[in-house]
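If you want the building blocks of each chain, they are given just below.
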Amino acid sequence: MQEKLDSIKKEALDAVEAITEISVLEAWQVKYLGRSSAIMEVFKSLGTLSKEEKPAIGKAANIVKVALEAASEEKESQLKQERINQSLAGEKIDVTLPGRRTVSGGLHPTTQTLREIYRVFGDMGFQIYRSQEVETDQYNFQHLNFPPYHPARDMQDTFFVKSAEDRGDDPLMLRTHTSPGQIHAMLEHTSKYPDDPPPIRIILPGMCYRYEQITARSEIQFNQVEGLAVGKGIAFGDLKGTLSNFARRMFGQDAKTRFRASHFPFTEPSAEMDVGCFLCKGEGCSVCKGAGWLEILGCGMVHPTVLKNGGFDPEVYSGFAFGMGPERITMMRHHIEDIRNFWANDLRFLEQF
Amino acid sequence: MKVPISWLKEYVEISLPIEELAFKLTLAGLEVEEIRYVGLPMPEGKEQETKITGISWGPEEIVVGEVSEVLPHPDADRLVLCQLDDGKQQHTVLTGAPNLFPYKGKGPLDPPLKVVYAREGATIIDAYNETDPTATTTLKRKKIRGVESYSMACSEKELGISDEHEGIILLDQDAPTGMSLVEYMGDAVLDIAITPNIARAANILGVAREVAAITGAKLKYPEINPVMEGEPIKGRVSIDIKNPEDNPRFVLGLIENVEIKPSPYWAQLRLKLAGVRPIDALVDATNYTMLEIGEPLHAFDYDVLVDRAKGKPPVIITRRAKQGESLTTLDDVERKVDDFTVLVTDQAGPLSLAGVMGGAESEVQGKTKNVLLEGASWNYVNVRRTVSAQVLPSEAAYRFERGVHPEIAPIGVKRCLEWMRKWAGGTVAKGLVDEYPLPQVDTRVALTPADVERWLGISLSAKEIAELLTKLEFSVSIKGDQLDVTTPPHRLDIGEGIIGKADLMEEIARVYGYDKIPETNLADGLPLQVGNRDLELEEMVRDQLAGLGLQEIVTYRITSPEADRKALPPGAEEGREYLELANPISADKTVMRQELLASMLEVVEKNFRSKERIALFEIGPVFLPEDAELNISELPKLALCLYGSRSHPSWQGGEKKVMDYYDLKGIIESLLAGLHIEGVKYLPEAAPYFHPGKSARIDVGGNLLGYMGEVHPQVKQNYKLPDQPLPAAILDINALLERVDDLYDVEPVPDQPPVLEDLALVVDGDVPAQDVQALIQQTGGKTLRDVRLFDVYRGEQLGEGKKSLAYSLVYQHPEKTLTDKEVLAIRNKIVKRLEKEIGAKLRSW
Ligand SMILES: [Zn+2]
């Protein structure tokens, strides 16, 4: 019996030695370890053996089986490793071929810039207030301290809107700025809290319209984001601090700002905020036209007349306001030369954002 | 406002470099947009705060020259040879300047002509370079028509003064021969943007006053004491102001026996640098004075007025125009004037549009001998309305529209009479006729250091505040902590009370320096945090759609009815009214849009050639015209549209199939699912934009959300588009946002094994799939966890007009493993119900 076992073992181990493919190994496993393999036949025949023989033969047979299984396992892992080695050595793809493009959409560049502005001011506690685009002269101009025939109206050429009624000196118009929203917001606020109204801090985004020829530099419609903070004890220094913080968030922590005197009827004192050119770091480039500074926004302390028109007592309350153009900011940041790109909707432009 | 530095220096000492001065002015609200060098040395280095243009004149190379004789050229009629002395030696200079021809062959000139001489090696503007007007050239020795040439006499263009290149510059007689030209008349021009509140500085003196205030230099007022030696003006003309509100002051002066001739070159040069064209000594004197002092002036031919008065002393009347009155202005246009226009008239009729433009008849002409000079102040509203009604902007009106202080009128008249006397000769009549019925009361404002602290955030003493304001010529008296501030008699922009305080704050801040005010952070409590839910949800919709592969667009909201109606087939929505612009800028932009789809399809039209796949959305308002109560509605809408292939082309193929109704529906379903909007129904209903058989109304809980469908073939024809499916949708943003559910429930993840099964049904072809699915779902109840349609089939073997719908069903119980028997029971229930309600039959395979 022992010889039989030895010969089974030898035959099997010799056979496994020569195997070079997994499929052959699988056949070997069936032949030498399967149900009707020689070694299994030995186990099956154990029952016919005497009590004395049984343990010894059984043990010897088991040793053979374990040896075969070990050989099989070793061969299997050797073959797998060989296959991996083969794959590593031989398989290769052109990793430079373009990837499969998934369909992806995108947001209009103005939306993206608006969101950045919302986020920065939102962090400083400013809420977003929106109002209508068709306005009255009263809200677009008069309440904002542009009396009829005021020369500052020249700077805001206006689209007027026809009305069935004769509105006299209060014609309808497309808003020329989002400032009328300041009045709406203040009046809503002060009528809700007539006694001692709490502070207000808002930004007012939206589309505005100017009667201008459409050129690379001017559009008949454009977005604006205005801001307004009214409270007790708000001073010009707060305006400078808040807007410089905005500039650092928007244009980088090393952004420099400068404030220079300017004029808007609804603020007094008024200022323009320039930001040190973030493209050339003040060296002078085509975007800042060599000046090293970019005009980013107009601002100022809310005019007492405007506060009064909004229901605040200007002797007690003060505040600041500012306004900026998200398209202009987008143009500066991305070297866009022509503002007409924004509403032309050429996908080759939009898809770059 | 263009300000030559040389002129400015007459009134204020400037020790700062020009660029630094420009920077200070800019910070103080007089924004210097450009510095144009005309001769003076330009700054080196690139770190400039201001745009710089122009040319510097070489101090050695460009000098004052003296032409003693003009000789004909031996071979060329159109050239002459000048005998020229440059202070060092004699030269023969070749030139073709026509303004020397009158001197040709006239022998030695006495006095000689003073010209600008550019020596060999001088760099000047290349007057013949037509593409680049700033290109320069350097003079080299060469032969022209056989005569050696190495230098030249220059035109204004060659020196960067003006575009004048017809003749050469003829300087004033007192120009010192041999003197470096830059020393003699080198200049730099500050181009300052004048905002309306600072119109008082729309003159050289006004800018000088600001320079004085911000640099601490002293302002040097011009001396106003003209030589007046003629017969007194009193009794030779009188003034009758009908409405002092319109015309607070009117001043007249008279100069007699003038000679109309050019003004001196230095004055012409200053006018040119300031952007005003020189005409003759009289006109130049009025313009020069206006630029210098800020008072617009008007010169009448006195003899014409005397004629009109039939030899009597004229009476100058200022009044509102009468009905139907007209005047021929000096641009020879007959103008009908409105009743708000103020006229300067005499007893015979209108003479000029007050503060805007003179009349042709009484204007100063070549034969004028005696000049009556008007200086006045006018109500800015009338001037402004007249300018806009007549479309007649002018330098004078520009100033009057912004307000000119009445105190300046007599100063301007006296100053101008003196310039006229100096430049055009003649004798100035003694005295002025001055009517001032409505004296300007200069405002007084009470102020405390606490105001300054509250407004500007800086603490200054009363004395410091007074010092700042005094620099701008405010008169200030201090009592304890109280400042009493009186506005100086040249400005009209300081209000009263709290407004006056605010106005003074700006002045204090400007002189103190905006840059010195420290930056602080808002110290008051956080305001009410109310958020803006509508906007936040709208942004969520944008994110969802971009995530679903759509590109956001933004189109014009101003359109024309024709363009807007392109979204509709002919005949639909006839007679629709629009919110109309009263002053459209062009024929294609006359009304506010009502259809987002119209401009969106234009975007498809514009892009389909360059893009294989187009997927767009836009969120924005449409505008409805006034309703019966005259209310205007702005309704936010969402438009979506797909065109072209389902995926991008790729080297591996990509999906070329074009997108259709169901692609868009999938996007809308995903959008609504993403917003957790439940109970959405798609009902077959024709909207005008869409093919009637391929149009659905989208409902949520019985409310209209919008319409989607395949764009109507007749609408497609309105655009230049290939005949391809064009699914689109219009949704109402308000209806959409109303249904967004923030508090949706999440179901637990089941841990029992699911039982999967397919169910194929044969139904009538026109049974909506939505109904079949709803029935299955309803009948299956909670145990039927998912129903998904995976096949729609029509074929002969199904029978006439039938279709097969195949669903895969997922049964799953939250707590137990379902047995085959339990599943079968549910399935049978479903089949029975479908059969009963819609006549569905199980499809046999
Ligand atoms: Zn730059």
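The structure under discussion appears in the preceding block.
Residues numbered from 1 in each chain as written. Chains lettered and ligands numbered in written order. Predicted model: local features only at pLDDT ≥ 70, side-chain atom pairs only at ≥ 80, totals over all residues. Heavy atoms only, no water.

Q: Please provide a residue-by-residue account of the pairing of strand E8 (residues 267–276) of chain A, values included.
A: All names here are of chain A. Burial runs high along E8: ten of the ten residues are buried. Taking every second residue as pointing to the same face, both faces of E8 are buried, with Thr267, Pro269, Ala271, Met273 and Val275 on one and Glu268, Ser270, Glu272, Asp274 and Gly276 on the other. Here seven bridges tie strand E7 (residues 257–264) to E8, and the two strands are oriented antiparallel to one another. Paired with Arg258 across the two strands is Asp274, which belongs to E8. The turn joining E7 and E8, which pair antiparallel and follow one another in sequence, is formed by two residues. (Buried < 20%, exposed > 50% of the residue type's maximum accessible area, 1.4 Å probe, protein only. Helix = DSSP H or I, 4+ residues; strand = E, 2+ residues; numbered from the N terminus. Pairing = 2+ DSSP bridges.)

Q: Explain the packing of helix H2 (residues 18–27) of chain B against helix H4 (residues 204–215) of chain B residue by residue, including any values.
A: All names here are of chain B. With their axes 10 Å apart at the nearest point, H2 and H4 run at an angle of 95° to one another. In terms of orientation, H2 and H4 fall into the roughly perpendicular class. Mapping the contact onto sequence places Leu21, Lys24 and Leu25 in H2 and Glu210, Val211, Ile214 and Thr215 in H4. When its residues are assigned to classes, the contact of H2 with H4 shows four nonpolar, one polar and two charged. (Axes fitted to C-alpha atoms, helices over the stretch in contact; angles between N-to-C directions. Parallel < 35°, antiparallel > 145°, perpendicular 65-115°, else oblique. Contact = heavy atoms within 4.5 Å. Nonpolar A, V, L, I, M, F, W, Y, C, P; charged D, E, K, R; others polar.)

Q: Now, about the sheet that holds strand E35 (residues 680–684) of chain B: what can you tell me, with residues and values included?
A: All names here are of chain B. Strand order in the open sheet formed by seven strands is E30-E33-E34-E38-E37-E36-E35, and the pairing between neighbours is mixed. Taken across any chain shown, the strands that pair with only one partner, and hence form the sheet edges, are strand E30 (551–552) and E35. Bridge analysis of E30 against strand E33 (residues 613–624) gives two bridges, and the strand direction is parallel. Looking at E33, one finds that Glu552 is bridged to Phe617.

Q: Tell me what's going on with the coordination of the zinc ion, and back it up with residues and numbers.
A: All names here are of chain A. Donor atoms from the polypeptide that bind the zinc ion are Cys277 (SG), Cys280 (SG), Cys285 (SG) and Cys288 (SG), placed at 2.2 to 2.3 Å. All donors of the zinc ion belong to a single chain; written as a sequence motif, their spacing is C-x2-C-x4-C-x2-C. Given a relative accessible area of 12%, Cys280 falls into the buried group. (Donors = N, O, S within 2.8 Å, 3.2 Å for Na, K, Ca; no water.)

Q: How would you sum up the packing of aromatic side chains? Please name residues and give values.
A: Tallying each qualifying case throughout the model produces 28 aromatic pairs over all chains. Centroid distance Phe121 of chain A to Phe322 of chain A: 4.9 Å. Interplanar angle 20°. Geometry classified as stacked. One end of the pair, Phe121 of chain A, is in helix H5 (residues 109–123); the other, Phe322 of chain A, is in strand E10 (residues 318–324), and 201 residues separate them in sequence. Judged by its relative accessible area of 0%, Phe121 of chain A is buried. Where Phe246 of chain A meets Phe251 of chain A, the ring centres are 6.4 Å apart and the plane angle is 80°; that geometry is what we call edge-to-face. Both residues of the pair, Phe246 of chain A and Phe251 of chain A, count as buried. Following the ring pairs from residue to residue traces out a cluster consisting of Phe121, Phe126, Phe246, Phe251, Phe278, Phe320 and Phe322 of chain A. Across from the ring centre of Phe340 of chain B, 4.2 Å away, lies the NZ or CZ of Arg385 of chain B, which sits over that ring. The ring of Tyr556 of chain B carries the charged tip of Lys589 of chain B above its face, separated from the ring centre by 4.5 Å. (Phe/Tyr/Trp six-rings, centres within 6.5 Å; stacked < 30°, edge-to-face > 60°. Lys NZ or Arg CZ within 6 Å of the ring centre and 35° of its normal.)

Q: Hey, could you go over the pairing of strand E34 (residues 633–644) of chain B for me, with residue numbers and the actual values?
A: Residue and element names in this part refer to chain B. Bridge analysis of E33 against E34 gives twelve bridges, and the strand direction is antiparallel. Within the sheet, the bridge partner assigned to Val622 lies in E34 and is Leu635. Two elements, E34 and strand E38 (residues 727–732), share five bridges in a ladder whose sense is antiparallel. Each residue of the ladder has a partner; that of Leu638, found in E38, is Leu731.

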